[in-house]
Protein chains: 2
Amino acid sequence: MPERLADLVDPAAWTCPAPLRDQGVVVMGHGGGGALSAELMERIFTPAYGNATLSGLADSAVLELGGARLAFSTDSYVVRPLFFPGGCLGDLAVNGTVNDLAMSGARPAYLSSAFVLEEGVELAVVERIARAMGAAAETAGVTIATGDTKVVESGHGDGVYVTTAGVGVVPDGVDIRPQRARPGDAVLVSGPIGLHGVAIMSVREGLEFGVEVASDTAPLADLVAAMLAVTPDVHVLRDPTRGGLGASLNEIARASGTGVRLQERAVPVPDAVANACGFLGLDPLYVANEGRLVAFVPPSEADEVLAAMRAHPQGAGAARIGECVAEHPGMVVVATGLGGTRVVDLPLGEQLPRIC
Amino acid sequence: MPERLADLVDPAAWTCPAPLRDQGVVVMGHGGGGALSAELMERIFTPAYGNATLSGLADSAVLELGGARLAFSTDSYVVRPLFFPGGCLGDLAVNGTVNDLAMSGARPAYLSSAFVLEEGVELAVVERIARAMGAAAETAGVTIATGDTKVVESGHGDGVYVTTAGVGVVPDGVDIRPQRARPGDAVLVSGPIGLHGVAIMSVREGLEFGVEVASDTAPLADLVAAMLAVTPDVHVLRDPTRGGLGASLNEIARASGTGVRLQERAVPVPDAVANACGFLGLDPLYVANEGRLVAFVPPSEADEVLAAMRAHPQGAGAARIGECVAEHPGMVVVATGLGGTRVVDLPLGEQLPRIC
């Protein structure tokens, strides 16, 4: 179903300095969800795995198996610190994979959980993370069905890494993937952006932004079900984690060959996020979220889908922030509050590493 | 289907020194697949995840999803060195998860692949591992359908960790799990044991044992299909990885409440493995395998299943090594070549860490 990544990502469009690419070693940006991540995928993983079922630029793969139509996804979680305002590594590991499945329209059902522990970590820390995972799974309505634990020598790991994978059932008639964005689609976001990234930054860098900012980590499958109850014809869903809304919209624009035009004033940026970003010189559009989604829906259905989102606890702050356009294919443009426009490019990496 | 782990593993039966358990931190043995791994599962993960679908002591969980009966499994791979005679981290990451699925009788279909990379690792190393994964997937007839990559700062990881998860379809009429071992069952092993562990030891410790020993890493799903073609009533399958044959047989004995009696002379131990173990003071029964399985089958079917195994490339060295008995439930006993018997207990951890 998805085209080859080579068709979706055009290396000629990347704008990073050559030396960075040519040094031949892994750099932090390779894990950032931006252009360097895409390059790693395109140059190493896609040729190595040599198949057409790779999930393309979608958050999860959709498969036919045993007569069922399933979504399948995985993510490793290496966030630091392990515990932060609003959640911990365990919440992220469950909600992140639940959300990746939900972005295919699936009802998440079962998760796996694999721990890589560093020798010497307190068992109480492991237990606290595992309990957070159990609680998050219960909230999301999924079962952690299988798992594994490896231990590496002290100094060879970093406390706790967790990798989850998940499976869920994609309802009949639902076909949600980045390639389906069409000019005219309304672009909706489910709530205020940037909270997760700023929450991590504030505790990691010891910064105070006046108010404590809590991560938005949350499961989104139930919100997606509420949206699909309005219409199964949702075109694209994406949870803008690493690389933020900017990276997600760029990936959708490139995968679909359409353009995206945002209204800057319509994008919900909390004051605390705006202040933190101003202070640090960051763009809120590139800051990670862990409990938000962006949706492309046909214009005829947009008002009703938006109303359904706002009626759901996870979508109370939902907003219509722009539209999909035929102009400037592959490009995301923001109409600024001052009447100008600016291009929002695919970031090279993540502004802050290890936010998930 | 699986009972609670509490019913399968009796902490009172463990025999490790108290101080080790009470220091409250992760030790290498927690990742070794022995008593400490079981304890971590029993005391932390099972209560935290609070559900009855945990895969119990099976290698994979069997689930009903979208009308299909699926096996689902995950493992993290942290082997050192990354490349060793007979394979590399990439082969293990594919074959290991393929085999965990096959141990439920499933036909593995799709894998996920999640990399945690350390900043500074050569991209050529990543590529070599990814290509090995692609080749192993092709050999095993599975598709790597989805993936993720995270990067951690130099000094905070250890080169490359890979976590795979997999799904496959369990054929109708197949119900393979440790609880199904029954007195009278023949115990079969698919080939010579100990090769993987000795291969890793030899390269890691710079030891020479006269001949180069290559890992046995291989996919076993096709062998399992050949066995199930003889009879779907295979009771138990297990790939004796961490903790070796000794740990696997103990887990089966405990899960089923039966005893296991092995004939020492019948267990196929290659000379190179025997020599290495003699030199190092190790017991081949506890050395890891990555391309072997142990099977419990009804005695009436044993000869025919064994013949089918021997007719398959992955089972050419298959042997009948013992039987399941009603005596000494939960205990594994070996009849030695000298006419005596000795108990093979569940190991505390792995004799050598990070062999997979």
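Within every chain, residues take consecutive numbers counted from 1 along the sequence as written. Just so you know, chain letters begin at A and ligand numbers begin at 1, following the order they were written in. Confidence filtering applies because this is a predicted model: local features only for residues at pLDDT of at least 70, side-chain atom pairs given and counted only at 80 or more, and all residues used for totals across whole chains, interfaces and linings. The basis for the side-chain values is all heavy atoms of the structure; hydrogens and waters are excluded.

The name that an unreviewed UniProt entry assigns to chain A is Hydrogenase expression/formation protein HypE, with the source organism given as Streptomyces indiaensis. Chain A has a UniProt comment under Sequence similarities (unreviewed entry) that states "Belongs to the HypE family." UniProt positions are given in the numbering used here, feature names are shortened, and annotations may be inferred rather than shown by experiment.

Visitor: How should the overall build of chain A be read in this particular structure?
Guide: Looking only at helices and strands, chain A features 10 helices and 14 strands. Its C-alpha atoms give chain A principal-axis dimensions of roughly 55 × 50 × 45 Å. Burial classes: relative accessible area under 20% of the type maximum marks a residue as buried, over 50% as exposed, and values in between as partly exposed (1.4 Å probe, protein chains only). Across the 356 residues of chain A, 64% fall into the buried class. Summarising the internal contacts of chain A: among those between residues at least 6 apart in sequence, 83% fall at separations of at least 24. Secondary structure counts use DSSP, requiring at least four H or I residues in a row for a helix and at least two E residues in a row for a strand, with both numbered from the N terminus. The contact rule is simple, with two residues in contact once any of their heavy atoms fall within 4.5 Å.

Visitor: Looking at this model, I keep getting lost on helix α8 (residues 244–256) of chain A. Mind explaining?
Guide: Structural remark: α-helix, 3.6 residues per turn; residues separated by three or four positions point the same way. Residue and element names in this part refer to chain A. The end-to-end C-alpha separation of α8 is 19 Å, in line with the 18 Å expected for 13 residues at 1.5 Å each. Extensive coverage of α8 is indicated by the burial of 13 of its 13 residues. Following α8 by one or two positions, G257 has its phi on the positive side, about 65°. For a helix, the expected span equals 1.5 Å multiplied by the residue count minus one.

Visitor: I'm lost on the relation of the copies chain B and chain A in this one. Help?
Guide: In this arrangement, two copies of a chain are superimposed by a rotation about an axis accompanied by a shift along the axis. When chain B is fitted to chain A, the residual RMSD is 0.0 Å, and the transformation amounts to a turn of 180° plus an axial shift of 0.0 Å. One copy is carried onto the other by what is essentially a two-fold rotation axis. The position closest to the rotation axis in chain B is occupied by the C-alpha of G157 of chain B, lying 2.2 Å away. Both copies present the same face, since 100% of the interface residues in chain B are matched by interface residues at the equivalent positions in chain A. Copies overlap after least-squares fitting; the atoms used are the C-alpha atoms of residues with pLDDT of at least 70 in both.

Visitor: Would you explain the interface of chain B and chain A in this entry?
Guide: How big an interface is tends to be reported as the loss of accessible area on association of its parts. Between chain B and chain A, the contact holds 80 residues from the first and 80 residues from the second. For any pair of parts, buried area is found by adding up, for both, the accessible area (1.4 Å probe) each one loses once the two are put together. Buried area between chain B and chain A, both sides added, is near 6,600 Å², and the carbon and sulfur share of it is 67%. In what follows, salt bridge is the name for a side-chain nitrogen of Lys or Arg lying within 4 Å of a carboxyl oxygen of Asp or Glu. At the surface where chain B touches chain A, the tally comes to six salt bridges. Across the salt bridge formed by E153 of chain B and R354 of chain A, the nearest N and O atoms sit 2.4 Å from each other. Those elements giving two or more residues to the side of chain B that touches chain A turn out to be α3 (35–49), β1 (61–65), β2 (68–77), β5 (107–118), α5 (123–140), β6 (143–152) and β7 (160–169) of chain B.

Visitor: Can you walk me through the domain arrangement of chain A in this structure?
Guide: Residue and element names in this part refer to chain A. Residue ranges labeled as domains rest on an automatic or database domain assignment. By domain assignment, chain A separates into domain 1 (5–169) and domain 2 (178–344). Computed from C-alpha coordinates alone, the two centres of domain 1 and domain 2 are separated by 21 Å. Counting residues at the interface gives 31 residues for domain 1, matched by 31 residues for domain 2. Both faces considered, domain 1 and domain 2 share a buried interface measuring about 2,500 Å² in area, 57% of it formed by carbon and sulfur atoms. Summed over the shared surface of domain 1 and domain 2, the result is one salt bridge. The partner of D222 in a salt bridge is R107, with the nearest N and O atoms 3.7 Å apart. As used in this structure description, the phrase polar contact means that two N or O atoms lie within 3.5 Å; if the pair is within protein, one of them must be able to donate a hydrogen and the other to accept it, and residues adjacent in sequence are counted only when both atoms belong to side chains. One can count seven residue pairs in polar contact (both at pLDDT 80 or more) joining domain 1 with domain 2. Within the residue set of the side of domain 1 that touches domain 2, elements represented by two or more residues are α4 (89–102), β5 (107–118) and α5 (123–140). Tallying contributions element by element places α4 first for the side of domain 1 that touches domain 2, with eight residues. Just so you know the grouping, Ala, Val, Leu, Ile, Met, Phe, Trp, Tyr, Cys and Pro go in nonpolar, Asp, Glu, Lys and Arg go in charged, and all remaining residues, Gly too, go in polar. A breakdown of the residues in the side of domain 1 that touches domain 2 according to their chemical character gives 15 nonpolar, 10 polar and six charged.

Visitor: Could you clarify how one ought to interpret the pairing of strand β8 (residues 186–189) of chain B in this entry?
Guide: Consecutive side chains of a regular strand alternate in pointing toward one face of the sheet and then the other. Residues and elements named next belong to chain B. Here β8 shows a buried face lined by A186 and L188 and a second buried face lined by V187 and V189. Strand pairing is defined by DSSP finding a minimum of two bridges between the two strands. Pairing of β8 with strand β11 (residues 294–297) involves four bridges; the strand directions are antiparallel. Residue pairing in the sheet places A186 in a bridge with V297 of β11. Bridge analysis of β8 against strand β12 (residues 319–325) gives four bridges, and the strand direction is antiparallel. Looking at the pairing, L188 lines up with R320 of β12.

Visitor: Would you mind going over the environment of V121 of chain B with me for this structure?
Guide: Within the secondary structure, V121 of chain B is located in the loop between β5 and α5. Along the sequence, V121 of chain B and V151 of chain B sit 30 residues apart, while their C-alpha atoms lie 10.0 Å from each other. The contact partners of V121 of chain B, leaving out residues within four places of it in the chain, are G24, V25 and V26 of chain A together with V126, G159 and V160 of chain B.

Visitor: Sorry if this is basic, but what is going on with unusual backbone geometry here?
Guide: Cis geometry is found at the peptide bond from R80 of chain A to P81 of chain A, where omega equals 0°. You can see P81 of chain A is positioned in the loop between β2 (68–77) and β3 (83–84). Positioned with a positive phi, H328 of chain A is a non-glycine residue whose angle comes to about 30°. You can see H328 of chain A is positioned in the loop between β12 (319–325) and β13 (332–335). The phi torsion at R354 of chain B lies on the positive side, around 55°, for a residue other than glycine. Here R354 of chain B shows up in the segment after β14 (341–344).

Visitor: Is there a simple way to think about the nonpolar core in this case?
Guide: Grouped burial of nonpolar side chains is what soluble globular proteins tend to show. Think of a nonpolar core as a cluster: buried Ala, Val, Leu, Ile, Met, Phe, Trp, Tyr and Cys residues, connected wherever their side-chain atoms sit within 4.5 Å. Of all hydrophobic cores here, the largest spans 75 residues; its most connected members are F115, I129, M133, V160, L237 and L293 of chain B. Per-element accounting of this core gives the leading share, nine residues, to α5 of chain B. Leaving out residues up to four positions away in the same chain, F115 of chain B has contacts with F45 and Y49 of chain A together with V126, I129, M133, D148, T149, K150, V160, Y161 and V162 of chain B. Listed in part, the 74 residues of the second largest apolar core include V79, L89 and C356 of chain A together with F45 of chain B.

Visitor: Mind showing me how you'd approach the pattern of salt bridges here?
Guide: Two side chains that carry opposite charge are able to pair once their charged atoms sit near each other. Residue and element names in this part refer to chain A. Applying the stated criterion across every chain, the model contains 34 salt bridges over all chains. R177 serves as the salt-bridge partner of D175, at 2.9 Å between the closest nitrogen and oxygen. With a relative accessible area of 22%, D175 lands in the partly exposed category. A salt bridge links R342 to D283, with the nearest nitrogen and oxygen atoms 3.2 Å apart.

Visitor: Looking at this structure, I do not really get the UniProt feature "domain: PurM-like N-terminal" (unreviewed entry) in chain A. What am I missing?
Guide: Taking the numbering used here, the UniProt-annotated feature "domain: PurM-like N-terminal" (unreviewed entry) corresponds to residues 59–170 of chain A. Helix makes up 29% of residues 59–170 of chain A and strand makes up 46%, while its end C-alpha atoms are separated by 14 Å.

Visitor: Would you mind showing me how to read the sheet that holds strand β6 (residues 143–152) of chain A here?
Guide: Within a sheet, neighbouring strands are paired by backbone hydrogen bonds and run either parallel or antiparallel to one another. One open sheet accounts for five strands, arranged β1-β2-β7-β5-β6 (chain A); its pairing is mixed. The strands lining the two open edges of the sheet, one partner per strand, are β1 (61–65) and β6 of chain A. Each neighbouring strand pair of the sheet contributes to a mean axis angle of 20°, computed without reference to strand direction. The pairing of β5 of chain A with strand β7 (residues 160–169) of chain A spans 10 bridges and is classified as antiparallel. By the bridge assignment, R107 of chain A is partnered in β7 of chain A with V169 of chain A. Sheet contacts for α4 of chain A: β2, β5 and β7 of chain A; angle to β2 of chain A, the most-contacted strand, approximately 145°. Think of each axis as a best-fit line through the C-alpha atoms, taken over the contacting stretch in the case of a helix, with angles from 0 to 180 degrees between the N-to-C directions. Contacts from α3 of chain B reach β5 and β6 of chain A within the one sheet, and its direction differs from that of β5 of chain A by about 150°.

Visitor: Looking at this model, I keep getting lost on the packing of aromatic side chains. Mind explaining?
Guide: Two descriptors summarise a pair of aromatic rings, namely the distance from one centre to the other and the angle between the planes of the rings. Side-chain rings of Phe, Tyr and Trp (the six-membered ring for Trp) are treated as a pair once their centres are within 6.5 Å; stacked means planes under 30 degrees apart, edge-to-face means over 60, and tilted covers the remaining angles. Inspection of every chain in the model, using the stated rule, returns five aromatic pairs over all chains. Between Y161 of chain A and Y161 of chain B, the aromatic rings sit 6.1 Å apart at their centres with planes inclined by 55°, giving tilted as the arrangement. Taken together, the positions of Y161 of chain A in strand β7 and Y161 of chain B in strand β7 put the pair across two chains. Taken as a pair, Y161 of chain A and Y161 of chain B share a single burial class, namely buried. Among the aromatic side chains, those forming a connected cluster through ring pairs are F45 and Y49 of chain A together with F115 of chain B. Note on criteria: charge over ring means Lys NZ or Arg CZ within 6 Å of the ring centre, with the direction from the centre no more than 35 degrees off the ring normal. It is R128 of chain A that lies over the ring of F83 of chain A; its NZ or CZ is 3.7 Å from the centre.

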